[in-house]
Amino acid sequence: MSCLMVERCAPVAFERAEQNDIQVCMLADGRLRGHAGLLLAERRGSYPLIDLRLLNTAAGPGGPAGQEEVESGTRRKVRRLLSFQRYCHASRLLRGLAPHDSLHLLDDDYLGQAAHMLSKVGTWNFDIFLFDRLTNGNSLVTLMCHLFNMYGLIHHFQLDMVKLHRFLGMVQEDYHSHNPYHNAVHAADVTQAMYCYLKEPKLAEQLSPLDVFLGLMAAAAHDVDHPGVNQPFLIKTRHHLASLYQNTSVLESHHWRSTVGMLRESGLMSHLPADVTQDMEQQLGSLILATDISRQNEFLSTFREHLDSQDLNLEHAEHRHFMLQIALKCADICNPCRVWELSRQWSERVCEEFYRQGDLERKFDLEISPLCNQQSDSVPAIQIGFISYIVEPLFEEWQRFTEPSLLTQSMMGHLHKNKARWGGLRLSVPPDCPLATGGSHAHSPPLPLPEEEPGVQRGGGGGGAEEDIP
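Residues numbered from 1 in each chain as written. Predicted model: local features only at pLDDT ≥ 70, side-chain atom pairs only at ≥ 80, totals over all residues. Heavy atoms only, no water.

Caption draft 1: Molecular detail of the overall build of the protein chain. Across its full length, the protein chain carries 22 helices and 0 strands. Here the protein chain, with 470 residues, has 52% of them falling under the buried criterion. In the form shown here, the protein chain has an accessible surface area of approximately 21600 Å², with 54% of it arising from carbon and sulfur atoms. (Helix = DSSP H or I, 4+ residues; strand = E, 2+ residues; numbered from the N terminus. Buried < 20%, exposed > 50% of the residue type's maximum accessible area, 1.4 Å probe, protein only. Areas by Shrake-Rupley, 256 points an atom, 1.4 Å probe, with all protein chains shown as cover.)

See below:
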């Protein structure tokens, strides 16, 4: 705990203690304004606050002896502490810009449209991209506050609204907006899917407020501070996170520990007994660690065994927790089960992130990871493989569990249709076309959109044929 807190709450360089206290409060409230001579803080994350001048200022020719060596050593140390891409992408705080509550910058028309979408947040064709635009990039914070209110979690756990908003703002800010896929919009999308799954009749009637709290929190924070590269990349580049977590569930462990750090820093659960808080943190970790794709077969086999033996008893806390793990895993990979227009966007985004990693590996003469070679791994081929080996097996068991519900029937219908569409695209695009190989991805137009089926409306932000599906 002490190590974790030191990482997230490093001291700010002021001479008097009271100055440090004031500055830390300013950072916590997100009101730090930069000006000449002020020590600018790195955005919230699992790393010490740093002086940007150490990274950007080279030693002057007239400087004191040894200054260049000291600064060079400091830079190396800072780079080791920063997550992979954070070193390259400074936040607003690093640039001295004060973050504002962007929702207050929206006009009433946009706020009204966002509120209208929230009234239909339980529909499966909810357009998270549109919602993110309507909330000016605050989709995760807005969605979580809305769901916490709907479930009465704020009252049940006696949460401080200021601390809650601060925590959610920290989580949203700690997602890397430059990632095509693993960003705050993905977190909001998974959270919305998780809400749909928590409403499934077989689950909803048994879940406790704690179960719902943990499920939504895990969904919102499950990929926080994701660097945009996968675990094998971190291992072969000897990244410090790989060493810290001994090459096992590296990213998921980091997401969990970062979330715990933000919970403690925000003080969101500081009013609860220590043993209760510790238990909640551990359960949160168990949920987030379950999203490790390398453990897919482990969870799938256990899920299948429970369904075959019909021994799932959701009155037991351990069985409810297991189903929360399964629900979160489903929510994390549910993109192929969305309507085509939304599913296609997510597919292109995740492949773009893969290709960027491959470009990086090529640049540094590393072996290109599977699915990351833009010259040989096409978007349709990647998606067909992902659906066949990862998505379909899990959702077929989920369908058995829900017996199946209307939502599950709708999802499976989209899944099969989307797989067929990707198959058609793979066959229709010439082999030497950039779309077939993934080449020139940074400048490629979107994949051609097949004709819409009768009755299916694009960009379903609460409209279309599935509007009434719970």
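Caption draft 2: Looking closely at the pattern of salt bridges. Scanning the entire structure with this criterion turns up 14 salt bridges. One salt bridge connects Glu-397 with Arg-400, and the closest N-O pair in it is separated by 2.7 Å. With Glu-397 and Arg-400 both in helix 20 (residues 379-402), this residue pair falls 3 residues apart, about one helical turn. Here Glu-397 falls in the buried class, since its relative accessible area comes to 7%. Several salt bridges share partner residues, and in doing so they unite Arg-304, Asp-308, Glu-397 and Arg-400 into one network. (Salt bridge = Lys/Arg side-chain N within 4 Å of Asp/Glu carboxyl O.)

Caption draft 3: Spotlight on helix 16 (residues 274-289). Helix length check: helix 16, at 16 residues, gives a terminal C-alpha distance of 22 Å against a target of 22 Å (1.5 Å per residue), a fit within 8%. Burial in helix 16 covers these residues: Thr-277, Met-280, Glu-281, Gln-283, Leu-284, Gly-285, Leu-287, Ile-288 and Leu-289. Against helix 12 (209-221), helix 15 (250-266) and helix 18 (317-332) lie the buried residues of helix 16. (Expected span 1.5 Å × (residues − 1). Contact = heavy atoms within 4.5 Å.)

Caption draft 4: Up close: the environment of Gln-246. Note that Gln-246 resides in the loop between helix 14 (240-244) and helix 15. Sequence spacing of Gln-246 and Ile-235 is 11 residues, and the spatial spacing of their C-alpha atoms is 9.2 Å.

Caption draft 5: Up close: the packing of helix 7 (residues 139-151) against helix 12. Their axes nearest at 11 Å, the elements helix 7 and helix 12 cross at an angle of 175 degrees. Judged on the interaxial angle alone, helix 12 and helix 7 are roughly antiparallel. Only Val-212, Phe-213, Leu-216, Met-217 and Ala-220 of helix 12 make contact with helix 7, whose side of the interface consists of Leu-140, Met-144, Leu-147, Phe-148 and Tyr-151. By residue class, the composition of the contact of helix 7 with helix 12 is 10 nonpolar, no polar and no charged. (Axes fitted to C-alpha atoms, helices over the stretch in contact; angles between N-to-C directions. Parallel < 35°, antiparallel > 145°, perpendicular 65-115°, else oblique. Nonpolar A, V, L, I, M, F, W, Y, C, P; charged D, E, K, R; others polar.)

Caption draft 6: Quick look at the confidence of the model for the protein chain. Scored by pLDDT, the protein chain comes out at a mean of 79, with 68% of its residues at no less than 70. For the stretch residues 76-105, pLDDT sits under 50, and the model shows 71 contacts to residues farther than four places along the chain or on other chains. (pLDDT = per-residue confidence, 0-100.)

Caption draft 7: Layout of the packing of aromatic side chains. Under the defined criterion, the tally for this structure stands at 13 aromatic pairs. For the ring pair Phe-299 and Phe-322, a centre distance of 6.4 Å and an interplane angle of 15 degrees mean the geometry is stacked. Residue Phe-299 is found in helix 17 (residues 296-309), and its partner Phe-322 is found in helix 18; the two are separated by 23 residues along the sequence. Given the relative accessible area of 5%, Phe-299 is considered buried. Ring-pair connections join several aromatic residues into one group, and the members of that group are Trp-124, Tyr-197, Phe-299, Phe-303, Phe-322, Trp-398 and Phe-401. One cation-aromatic arrangement involves Arg-338 over Trp-124; the distance from NZ or CZ to the ring centre is 3.9 Å. A cation sits over an aromatic face here: Arg-349 above Trp-346, 5.8 Å from the ring centre. (Phe/Tyr/Trp six-rings, centres within 6.5 Å; stacked < 30°, edge-to-face > 60°. Lys NZ or Arg CZ within 6 Å of the ring centre and 35° of its normal.)

Caption draft 8: Quick look at the packing of helix 20 against helix 21 (residues 406-428). Put simply, helix 20 and helix 21 touch, their axes get as near as 10 Å, and they point 165 degrees apart. Here helix 21 runs roughly antiparallel to helix 20, going by the angle between their axes. Helix 20 and helix 21 meet at a crossing whose hand is left-handed. Its residues assigned to classes, the contact of helix 20 with helix 21 shows 13 nonpolar, 7 polar and 4 charged. (Left-handed = near helix turned anticlockwise from the far one by under 90°.)

Caption draft 9: Examining the nonpolar core more closely. Of all hydrophobic cores here, the largest spans 103 residues; its most connected members are Phe-148, Tyr-197, Phe-213, Phe-395 and Trp-398. Of the residues forming this core, the biggest block, 11 residues, is contributed by helix 10 (residues 184-198). The residues contacting Phe-213, other than those within four sequence positions of it, are Phe-148, Leu-153, Phe-157, Leu-159, Met-269 and Met-280. With 9 residues, the next largest nonpolar core counts Val-229, Ala-242, Tyr-245 and Leu-360 among its residues. (Core = buried A, V, L, I, M, F, W, Y, C linked by side-chain atoms within 4.5 Å.)

Caption draft 10: How the structure looks around the side chain of Ser-369. Following the sequence through the fold, Ser-369 ends up in the loop between helix 19 (340-363) and helix 20. At 3.2 Å, the side chain of Ser-369 and the side chain of Lys-236 are in polar contact. Contact partners of Ser-369, with chain neighbours within four places excluded, come to Asn-230, Lys-236, Gln-357 and Glu-361. (Polar contact = N/O pair within 3.5 Å; in protein donor to acceptor, adjacent residues only side chain to side chain.)

Caption draft 11: Seen up close, the state of the cysteines. Under the definition given, this model contains 0 disulfides. Free cysteine: Cys-334, not disulfide-bonded; nearest cysteine sulfur from Cys-337 at 6.5 Å. Residue classification places Cys-337 among the buried positions, given a relative accessible area of 0%. (Disulfide = S-S within 2.5 Å.)

Caption draft 12: Spatial organisation of the environment of Ala-218. Structurally, Ala-218 is set in helix 12. Taking C-alpha positions, Ala-218 is 9.7 Å from Leu-289, a pair spaced 71 residues apart along the chain. Here Ala-218 is in contact with Leu-284, Leu-287, Ile-288 and Leu-328, once residues within four sequence places are set aside.

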